[in-house]
Amino acid sequence: MTRRWGERVYAAWQWGKQHRFTLADVGYAIFFFPLIVGGMAISVVASERGEWGLGYLPSQLYEVSPVAAMLVGAQLILVIPCLVAAAILVRRRRPELLLASSLLLIVLFGNVWAAPVALYSYAAWFTNRWRPLALWAAAHSAALAFVYTMWEPFLIIPLGVTFILLPLFFGMWVGTRRQLVENLRERAERLEREQHLRAETAIAAERTRIAREMHDVVAHRVSLMVLHAGGLEVSAPDERTAEIAELIRTTGREALSELREILGVLRNGEAAPTAPQPVLDDVGSLIGAACAAGANVDLTTTGTPRPLNAQVERTAYRVVQEALTNAVKHAPGAEIDVRIDYGRTALTVTVVNGPATVKVANPVPDSGYGLIGLRERLALVGGTFVAGPLADGGWWVRAIIPAAPTETPRPAEEIS
C-alpha cells in the first residue's frame with residue numbers, strides 16, 4: 001500500500017513538473033480574480049462620489065431604476081474579472097489581451113490589480129520585449145497618473161512603483177535569467193555533441209589504424225604460412241607430413257577468413273559476425289583438432305550430463321580451449337587429461353598436462369593474458385578459477401561453474 005501511494009505521488013509530481021507553466025497560469029488566475037473583483041466592487045460602491053469612470057454608472061442609473069443599477073453593477077463586478085482571468089490563462093500565448101485588459105481596467109475603473117501579472121508575464125516570457133514593453137509600461141503609467149490625479153494624487157507614486165515598476169523589473173530579471181540558462185544549456189549540449197563527435201572520429205581513426213596494422217602484419221604472415229603449408233603438402237615425403245601440412249593450411253585459411261571479418265568490423269564499422277557460439281558438444285571437435293596437431297588428449301565425462309545454460313557451456317568450452325592451447329604451446333608432446341564433471345549444482349572442468357617431452361627450437365611467444373581472461377570470465381558467471389604448476393613440471397587448470405540442476409537428465413556416459 002505504501003509503495004502504491006509512493007508511486008502515485010511520484011507520478012503526480014512528474015505530471016506537475018511537466019505541466020508546471022500551465023498550473024502557474026491557473027494559479028495566477030485564481031489568485032488575482034478575487035483581487036480584481038474586490039477592486040471592481042470598491043469602484044462601484046464608491047460611485048456616489050461621481051468623479052470618474054464607468055464604475056459610477058450604477059449611481060446614475062439608481063435614480064432611474066434601482067434594479068437596472070444592481071444588474072449593471074453585478075455585471076461590472078463579475079463579468080469583467082472573468083474576462084481578465086481568461087486573459088491571464090493565455091498570458092504566455094496572447095500577452096496583448098492581458099495587457100489591454102489591465103490598461104482598460106485602470107482607465108475605466110482605476111483598478112490596478114491586473115497590471116502586475118500583465119507586465120511581469122510579457123517581460124519574463126518574450127525575447128523581443130524591450131520596445132513593446134516600454135510602450136505598454138508607459139501607457140499603464142500614463143493611465144494611472146491620469147485617473148488618480150482626479151482621485152487621490154498622493155497614490156500615484158506608491159501604486160506606480162508597486163504595481164508597474166517592480167513587476168516590470170522583476171519580469172525582466174526572470175526573463176534575462178531564463179534566456180541565460182537556455183543559452184548555457186544549449187551551449188553545453190552543443191559541446192557535448194562536439195565531444196561525442198570528436199570521440200567517434202578518434203575511435204574510427206584508431207580502428208582504421210589497427211585494421212591497417214593487422215592487415216599489413218598479421219594477414220601477410222598468415223598468408224605466407226598458408227602458402228608454405230600448401231607447398232609442403234604437395235612435396236611432402238610421406239603421408240603423415242602431408243596430413244600435418246594440410247591441417248596447417250586449413251587452419252591458416254580459417255584464421256584468414258576470421259581475420260577478414262574482424263578487419264571489416266574495424267575498418268568499415270560493420271556489424272560483428274554472429275556465428276553460433278560454441279557449447280560443450282563442441283569440445284569433442286576441439287580435442288580432435290588438438291590430437292590432429294600431435295597432442296595426446298584424453299577426455300573424461302563424469303556425473304549426469306544434461307543441457308545447461310548457454311553461458312555456462314560457453315564458459316566451459318573457453319576454459320578447455322585456453323587450457324589445450326597453453327598445453328600444446330608450452331608442453332609439446334605432453335599427456336593432457338581433460339575432465340568434465342556434471343555436479344548437482346556446479347559444472348567442474350579440470351585440465352591437467354604433464355611436462356614437455358619435445359624440445360622446440362623457436363617456442364611460441366606468450367601474451368600472458370589467457371589465464372587472466374579466464375579468471376575474469378569465471379568471475380562474471382559467479383564461478384571460481386584455479387591454475388598453477390605441478391611438482392613434475394606440468395600444469396593444471398580447474399574451473400567450477402555454478403549450474404542449476406535439470407529435471408530431464410541424459411544417461412551418464414564416460415568418454416576416455
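So, here's what we can say about the structure. (Residues numbered from 1 in each chain as written. Predicted model: local features only at pLDDT ≥ 70, side-chain atom pairs only at ≥ 80, totals over all residues. Heavy atoms only, no water.)

A closer look at empty space enclosed by the protein
Empty space among the atoms can be located by rolling a probe the size of a water molecule over them. A complete count under the given rule lists one cavity of 30 Å³ or more for this structure. Roughly 40 Å³ of volume is contained in the largest cavity. Mapped onto the lining of the largest cavity, the elements with two or more residues apiece are α11 (310-330), β3 (346-353) and β5 (395-402). Of the residues forming the lining of the largest cavity, the biggest block, three residues, is contributed by α11. (1 Å grid on protein atoms, 1.4 Å probe; cavity = no way out; pocket = protein on both sides within 12 Å on 5 of 7 lines; lining within 4 Å. Points joined across faces, edges and corners; volume = space filled by probe spheres on them. Helix = DSSP H or I, 4+ residues; strand = E, 2+ residues; numbered from the N terminus.)

Considerations on helix α6 (residues 115-125)
Across the 11 residues of α6, 10 count as buried, placing the element largely inside the fold. Along α6, the residues classified as buried are Ala115, Pro116, Val117, Ala118, Leu119, Tyr120, Ser121, Tyr122, Ala123 and Ala124. (Buried < 20%, exposed > 50% of the residue type's maximum accessible area, 1.4 Å probe, protein only.)

Looking at the sheet that holds β5
Ordered in space as β1-β2-β3-β5-β4, the five strands form an open sheet in which the pairing is mixed. In this open sheet, the two strands that pair with only one neighbour each are β1 (296-303) and β4 (384-389). When strand polarity is set aside, the average angle formed by the axes of neighbouring strands in this sheet is 10 degrees. Of the pairings in the sheet, the one linking β1 to strand β2 (residues 335-342) comprises eight bridges and is parallel in character. Bridging across to β2, Thr302 finds its partner in Asp341. The strands touched by α11 are β1, β2, β3 and β5; relative to β3, the strand with the most contacts, the crossing angle is about 5 degrees. Packed onto the sheet, helix α12 (residues 370-380) meets β4 and β5 and runs at close to 155 degrees relative to β4. (Pairing = 2+ DSSP bridges. Axes fitted to C-alpha atoms, helices over the stretch in contact; angles between N-to-C directions. Contact = heavy atoms within 4.5 Å.)

Some words on helix α5 (residues 95-109)
End to end, α5 covers 21 Å across 15 residues, agreeing with the expected 21 Å (1.5 Å per residue, within 8%). Among the residues of α5, those classed as buried are Pro95, Leu98, Leu99, Ser102, Leu103, Leu105, Ile106 and Phe109. Once α5 ends, the next one or two residues include Gly110, with phi positive near 70 degrees. (Expected span 1.5 Å × (residues − 1).)

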